[in-house]
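Below, each chain spelled out in residue letters.
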Protein chains: 4
Amino acid sequence: MARIMLFFSDNTAAVHPAVWAALHAADQSDHGYDGDALSRRLDAAFTDLFGQPATALWVATGTAANCLALAAMVPPFGGIVCHREAHIETDEGGAPGFYTHGAKLILAEGAGAKITPHSIAAAIDPIRPDVHRVQPHAISITQSTEYGRVYTPAEVAAIAELARARGLWLHMDGARFGNAVAHLGCHPGEVVAGVDALSFGFVKNGGMGAEAIVLFGRAREAAMVDRIARMRKRAGHLQSKGRYLAAQILALLDNDLWLANARAANAAAAELAAAAGSRLMHPVEADEVFLTLAPAEAAALRAQGFDFYDWTAPAGAPGAARLVTAWNSDPAHVAALARAIAAL
Amino acid sequence: MARIMLFFSDNTAAVHPAVWAALHAADQSDHGYDGDALSRRLDAAFTDLFGQPATALWVATGTAANCLALAAMVPPFGGIVCHREAHIETDEGGAPGFYTHGAKLILAEGAGAKITPHSIAAAIDPIRPDVHRVQPHAISITQSTEYGRVYTPAEVAAIAELARARGLWLHMDGARFGNAVAHLGCHPGEVVAGVDALSFGFVKNGGMGAEAIVLFGRAREAAMVDRIARMRKRAGHLQSKGRYLAAQILALLDNDLWLANARAANAAAAELAAAAGSRLMHPVEADEVFLTLAPAEAAALRAQGFDFYDWTAPAGAPGAARLVTAWNSDPAHVAALARAIAAL
Amino acid sequence: MARIMLFFSDNTAAVHPAVWAALHAADQSDHGYDGDALSRRLDAAFTDLFGQPATALWVATGTAANCLALAAMVPPFGGIVCHREAHIETDEGGAPGFYTHGAKLILAEGAGAKITPHSIAAAIDPIRPDVHRVQPHAISITQSTEYGRVYTPAEVAAIAELARARGLWLHMDGARFGNAVAHLGCHPGEVVAGVDALSFGFVKNGGMGAEAIVLFGRAREAAMVDRIARMRKRAGHLQSKGRYLAAQILALLDNDLWLANARAANAAAAELAAAAGSRLMHPVEADEVFLTLAPAEAAALRAQGFDFYDWTAPAGAPGAARLVTAWNSDPAHVAALARAIAAL
Amino acid sequence: MARIMLFFSDNTAAVHPAVWAALHAADQSDHGYDGDALSRRLDAAFTDLFGQPATALWVATGTAANCLALAAMVPPFGGIVCHREAHIETDEGGAPGFYTHGAKLILAEGAGAKITPHSIAAAIDPIRPDVHRVQPHAISITQSTEYGRVYTPAEVAAIAELARARGLWLHMDGARFGNAVAHLGCHPGEVVAGVDALSFGFVKNGGMGAEAIVLFGRAREAAMVDRIARMRKRAGHLQSKGRYLAAQILALLDNDLWLANARAANAAAAELAAAAGSRLMHPVEADEVFLTLAPAEAAALRAQGFDFYDWTAPAGAPGAARLVTAWNSDPAHVAALARAIAAL
């Protein structure tokens, strides 16, 4: 029974049936790269979704989406403000350094991996403008964050206001953007107000291997879009059968399937969170649950057939774990795990 | 009827049914990235195929495969010898420069985009070894070439011998490797004797979005494999649901489906070549047919429902075109085009 | 006596006494980097010289000057048109690839290493604008060229006109700019009309280790100057005692010492050219003399105490050599070599 | 009188007379680049100095020296452990990112900008070895540090031991190496035991524009030296008249002039430190004095003709300043400043 109730990550979940159907529907020759009919529908689809003009390009991974957007905005001698525990800082193998040709990540603080206008200012205000110091050119926030926290529209807007005032671009790593919108319950356009570029994640939310770089406002200027398109090719991310990527994205946007999937994952996480109670290390707002868990407790759960990643324990705790649900988490598995946690 | 008989490229063809079946079979959660059961079978599968120890990594595109292999072999201050019309020189948007951090492509000559020990030596012999000149570190050949020509095992071996003598790595861009082997009719291991790294193409041959970097001999040393694995992550090419890429590759290797597909494409091209006769600009050995074609003739073909890319005409010819077949070229379309060409 | 009459290169000549005097005059503490009084005089000095607003930054080498200017103008995914034998292509160890993060050099043809609007167009017209091809962003010409040829103001203007029409930047590698102006006998401003960035060489013309990047017109916009200044620091070329570089440059600009020095070198070369007669491989317009020379003849000259670099012989010639004079070539040595050549 | 008693930095001091003499002695044509007689003496000179085989290359700046050494040791996907306030992290405009093609600086803690085996381990122990995390490849320490602290030979040895155990290279940024050795009073060889590459600074210690990259042990292997030599050219740091750089270095090594100069600077700093007493923020071991200083006090000193940089005040202090002495600090100025500080 072990290994069949996995809560490692949403990034390995199966592909949604509607996505499969769209992939099969795309299975006929069309123009190559992004010249096909499906790829050409992306701009309109995201414009509809967000209620503002949007330009979108597909890529296979969130790392590529994040890094192409950032590299288009930040010169090699510039810097990107992000949280100390942002995915781009800790888990992308140095990809931002590769794509930007060596730009520096400027680390800011904040509970739950959320940065604030105050913490951003604290990071960049001491930077003299001279050539000896790397100057910030962009801010990158993760929505929902690496600890499953969600920025409210007001919080995003406050950061966007700071970005505008300082002449910085604002990027949102939305690997779990759907989970954030599902939590907030508002229009997706409200969540990106003031954002220049969004990495909109689909892989963790029912897709197979497609994410979207979505550009808004001044980031949609021809020169910027051309930069990203050329860098995408140059990075080997311009797949010749791009229609299969566009098909995934369109299938998930259709009838807000992305939102339904995210809600399902969030609901599963909420069920686990309720069971975890005072063990929770962070409020659970998306599909990730961080909880304190002694080694013996973790072993007990694993003995019952659950598996998950151990996590760095907070000070004073004997151990910790991360549980991640997904769009297709089996309700019976989730309920069983919730019971098992409650029974610890 | 127009636009339904497309001979633009094999890189947009549909996905083979066996690949679809394998994709569906992979549709359950497994370890992420390349830790899944399918990805872990790749080394053995290629070792079996080539009859020598092989290490393989999947990526989504041929550009990524080529550039990761080259970047692992060539320092930023080094050079790569390739044909003046090699894909890495002309059609990858500068991707080798990105991945290698600025290494130089050293251009060599040769009919049909095939380079030879003689033309390679002509390109590198004048290079003084001092620091003012970029030194060659690798040779890259395309099999089959950009003009649909095929290197014989003896020709590859001669280049490999030169590479060894000069201390250079040998890379083979095998975007159409299957077509070359199908043409040669020999064991695939003979075609890569002396090759250090092969970009084995599946996208043009029945796949959806997966190619393999296959390493042999000294290129399989742990440090080299680790370099490529880290650069793959850093380039955003480590897909979290890698099992879907491995599945495609394994499906095409199974029962030599890759070879059957390539044979079908080659046969279609041969049928067109026979019709083209003296119009042929290059012997047709793979799935590409380059022929002289006056603008009025091209228009006549297009009026009959065929479409294809115009090509640069050789001196004295009024025009030219490139026709590319694929694993699934419709025999009726091919026969119709052959008749139409013969009737010009 | 051998080895004392060296005609290898002007790049190792002694430092002019006026430069020494300026260096000593600068030998007191001032603000660091380029904040000192001398560095702050450069813009005005070059504005005076060229008769148009100019912004200037010092660096230690011509390679750094060329590459910083090019990297400020050309994105990593772009290209730079230059002659097939341009210094940036053949003799800078791949520095343009390093500074530009992998931009491609697009090679054009032309006698004497001079490119023309026609040869530039021949190189770039076939480049489709799509993302698969590297697009040109700049043109770089060498004045005087690697073969000692000089572009007339009309020739520069014609290239500048093409650059403007195509939306390309125009860079001039002026490692031997002084020799070109000395040959042309016109106002230096005429020689740079339409040029965006000039690498003005002083090292070969009486300096110790200082060259200037001189920016004109739209290249003087604050964003471009800031880019170059930051890239200079990032490349380790912002020397803390920059006053010693500025002092060299100002000393050579003062009273047109740069021009007097260049005239002296050109005159010495002209004397050798007259002796070489029909041996000349290129018209001698600057301080370099390329001549056919059989191995036995070269040996004979060396036996008389002269030394120089052998060169690649043109077709049909038994051998060749390059002779380079300098601002301080000893008239007796030059006369002796001229006699020796004439006597061959 | 204002502005004549400057304590901003040692990096703008005048050039030592012995260096001037050596520069003039080098003022005759020799082989270019580093083929001249003086450049060829560097290896022997540093081997003598350190009592172990050494290979040395000149460059113009400490930034170039640091970054070339690090880039030779660390792949683009690797990391370099350094102090949070190391010069390479805070004051080189992102140069390490440029030279290494995007490697990451991994920040460690330590009082006075000194890192320890414990703080290094704290920084790297949590790094999982997988491809998602950037792996450390080198450690860089500054001797003396950015706060004028000195590593004892035992402290360096302990870090070297850790480096060896973890398979990391050890680099020492010795912009003020002389000041450290002067403070320690031991043989310079003891200070670099276990160090692979030293950036030996001369600019702050009587030179004009020359530093040395000094390689020891396995860093002297031909492949590594060749890498650095090629990267130096590629970075535009291979000056054609390299003899003028070698001359500076040799003049300062001769009769341990570097050490005498450093002792003079240290003595001046010690005099200021004695006056500063309890104001000192760090023990004064080299030529830098950090002291708390209220704005009114700073103004009072400036009114007396002294100038210096303000510094970030420690918690609870109203203000702070940095005073830097140099090899040629005027004893009268130093004494005057010491009196003025004592009188505050």
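For the structure given in this document, a descriptive report is provided here. (Residues numbered from 1 in each chain as written. Chains lettered and ligands numbered in written order. Predicted model: local features only at pLDDT ≥ 70, side-chain atom pairs only at ≥ 80, totals over all residues. Heavy atoms only, no water.)

Topic: the sheet that holds strand 12 (residues 320-324) of chain D
All names here are of chain D. The condition that has to hold: DSSP calls a pair of strands paired once it identifies at least 2 bridges connecting them. Numbering goes from the N terminus for both helices and strands, where a helix is a DSSP run of H or I of at least four residues and a strand is a run of E of at least two. Angles run from 0 to 180 degrees between N-to-C directions of axes, and those axes are lines fitted to C-alpha atoms, restricted for helices to the stretch in contact. Note on definitions: a residue-residue contact is assigned when non-hydrogen atoms from the two residues lie within 4.5 Å.
Taking strand neighbours across the sheet as the criterion, the three strands line up as 9-12-11 in an open arrangement whose pairing is antiparallel. The two strands at the open ends of the sheet, each matched to only one other strand, are strand 9 (288-292) and strand 11 (309-311). Put simply, the sheet's adjacent strands are angled 30° from each other on average, direction ignored. Against the sheet, helix 12 (residues 257-276) touches strand 9 and strand 12, its axis set at about 15° to strand 9.

Details of the interface of chain B and chain A
Operational definition: By buried area we mean how much accessible surface two parts lose on assembly, using a 1.4 Å probe and totalling the loss over both. In the sections that follow, a salt bridge refers to a side-chain nitrogen of Lys or Arg positioned within 4 Å of a carboxyl oxygen of Asp or Glu. Any pair of nitrogen or oxygen atoms within 3.5 Å is treated as a polar contact; in protein, a donor-acceptor pairing is required on top of that, and neighbouring residues in sequence qualify only through side-chain atoms on both sides.
Across the contact, 45 residues belong to chain B and 45 residues belong to chain A. Between chain B and chain A, the buried area comes to about 3,800 Å², and carbon and sulfur atoms account for 54% of it. By the criterion of area lost to chain A, the three top residues of chain B are F98, R234 and K241 of chain B, representing 20% of everything that side buries. If you look at where chain B meets chain A, you find zero salt bridges. Counting across the interface, chain B meets chain A through 36 residue pairs in polar contact (both at pLDDT 80 or more). Residue assignment for the side of chain B that touches chain A shows that the elements contributing at least two residues are helix 1 (17-25), helix 3 (62-73), helix 5 (95-99), helix 10 (222-234) and helix 11 (243-253) of chain B.

As for the side chain of R230 of chain C
Structurally, R230 of chain C is set in helix 10 (residues 222-234). Sequence-distant contacts of R230 of chain C, that is, excluding residues within four places in its chain, are made with F77, P129, D130, V131, R133 and Q135 of chain A.

What to know about the relation of the copies chain C and chain D
Rules: Our superposition of the copies is a least-squares fit, built on the C-alpha atoms of residues whose pLDDT is at least 70 in both.
Note on the copies: chain C fits chain D at an RMSD of 0.0 Å, the axial shift is 0.0 Å, and the rotation between them is 180°. Taken together, the rotation and translation relating the two chain copies correspond to the operation of a two-fold axis. When C-alpha distances to the rotation axis are compared across chain C, the minimum falls at A235 of chain C, with a value of 3.5 Å. A high fraction, 100%, of the interface residues of chain C reappear at the interface in chain D, so the copies pair face to face through one surface.

Thoughts on the packing of aromatic side chains
Selection criterion: Pairing of aromatic side chains requires ring centres within 6.5 Å, counting the rings of Phe and Tyr and the six-membered ring of Trp. Pairs whose planes differ by under 30 degrees are stacked, by over 60 edge-to-face, and all others tilted. The rule is short: NZ of Lys or CZ of Arg within 6 Å of the ring centre and within 35 degrees of the ring normal puts a charge over the ring.
The full count for this structure, using the stated rule, is 73 aromatic pairs over all chains. Here the aromatic rings of F50 of chain A and F177 of chain A are separated by 5.9 Å at their centres, their planes lie at 55°, and the arrangement is tilted. On the criterion of sequence distance, the pair formed by F50 of chain A in helix 2 (residues 42-50) and F177 of chain A in helix 8 (residues 177-184) is long-range, its members being 127 residues apart. Members of the aromatic cluster, each reached through a chain of ring pairs, are F46, F50, F177, F200, F202, F216 and W258 of chain A. Note that R232 of chain B overlies the ring of W58 of chain B, its terminal NZ or CZ placed 4.4 Å from the centroid.

Some thoughts on the relation of the copies chain B and chain A
Expressed as a screw transformation, the operator carrying chain B onto chain A has a rotation angle of 180° and an axial translation of 0.0 Å, and the superposed copies differ by an RMSD of 0.0 Å. A share of 100% of the interface residues of chain B reappears at the interface of chain A, consistent with the copies meeting face to face through the same patch.

Looking at the nonpolar core
Condition: Definition used in this section: a nonpolar core is a set of buried Ala, Val, Leu, Ile, Met, Phe, Trp, Tyr and Cys residues joined via side-chain atoms within 4.5 Å. For each residue, the accessible area found with a 1.4 Å probe, counting protein chains only, is set against the maximum for its type, and the residue is called buried under 20%, exposed over 50%, and partly exposed in between.
With 194 residues, the main nonpolar core has F46, I139 and F200 of chain C together with F46, I139 and F200 of chain D as its most contacted residues. Once residues within four sequence positions are removed from consideration, F46 of chain C is found in contact with Q52, A54, A56, F200, F202, A212, V214, I249 and L253 of chain C. In terms of nonpolar packing, the next biggest core, distinct from the first, is built from 193 residues, A86 and A95 of chain A, V81 of chain B together with F77 of chain D among them.

A look at the sheet that holds strand 7 (residues 197-200) of chain A
Residues and elements named next belong to chain A. Spatially, the seven strands line up as an open sheet ordered 2-8-7-6-5-3-4, and their pairing is mixed. Of all the strands in the sheet, the pair left with one neighbour each is strand 2 (54-59) and strand 4 (104-108). Sheet twist, expressed as the average angle between the axes of neighbouring strands with direction ignored, equals 25°. One ladder, built from four bridges, connects strand 6 (residues 169-174) with strand 7; its direction is parallel.

Focus: the packing of helix 12 of chain D against helix 14 (residues 331-342) of chain D
Relative orientation and spacing of two packed helices are given, respectively, by the angle between their axes and the distance between those axes. All names here are of chain D. Put simply, the rule reads: Any angle that is under 35 degrees is reported as roughly parallel, and any over 145 degrees as roughly antiparallel; angles of 65 to 115 degrees are reported as roughly perpendicular and all others as oblique. When the near helix sits turned anticlockwise from the far one by under a right angle, the crossing is termed left-handed; a clockwise turn instead gives a right-handed crossing. Residue type decides the class: Asp, Glu, Lys and Arg count as charged, Ala, Val, Leu, Ile, Met, Phe, Trp, Tyr, Cys and Pro as nonpolar, and the leftover types, Gly among them, as polar.
Contact pair helix 12 / helix 14: the axes reach a minimum separation of 8 Å and the direction vectors enclose 15°. The pairing of helix 12 with helix 14 is recorded here as roughly parallel in orientation. Crossing of helix 12 over helix 14 shows right-handed handedness. Of the residues in helix 14, those in contact with A268, E271, L272, A275 and A276 of helix 12 are V334, A335, L337, A338, I341 and A342. Within the contact of helix 12 with helix 14, the residues separate by chemical class into ten nonpolar, no polar and one charged.

Describing the interface of chain C and chain D
A common way to express how large an interface is: the accessible area buried when the components associate. Listed per partner, the contact involves 45 residues of chain C and 45 residues of chain D. In total, chain C and chain D occlude about 3,800 Å² of area from one another, counting both sides; carbon and sulfur atoms represent 54% of this. Sorting the residues of chain C by area buried against chain D places F98, R234 and K241 of chain C first, and these three jointly supply 20% of that buried surface. There are zero salt bridges connecting chain C and chain D. The tally of links between chain C and chain D comes to 36 residue pairs in polar contact (both at pLDDT 80 or more). When residues of the side of chain C that touches chain D are traced back to their parent elements, those giving at least two are helix 1 (17-25), helix 3 (62-73), helix 5 (95-99), helix 10 and helix 11 (243-253) of chain C. Ranked by the residues each element gives to the side of chain C that touches chain D, the list is headed by helix 5 of chain C, at four residues.

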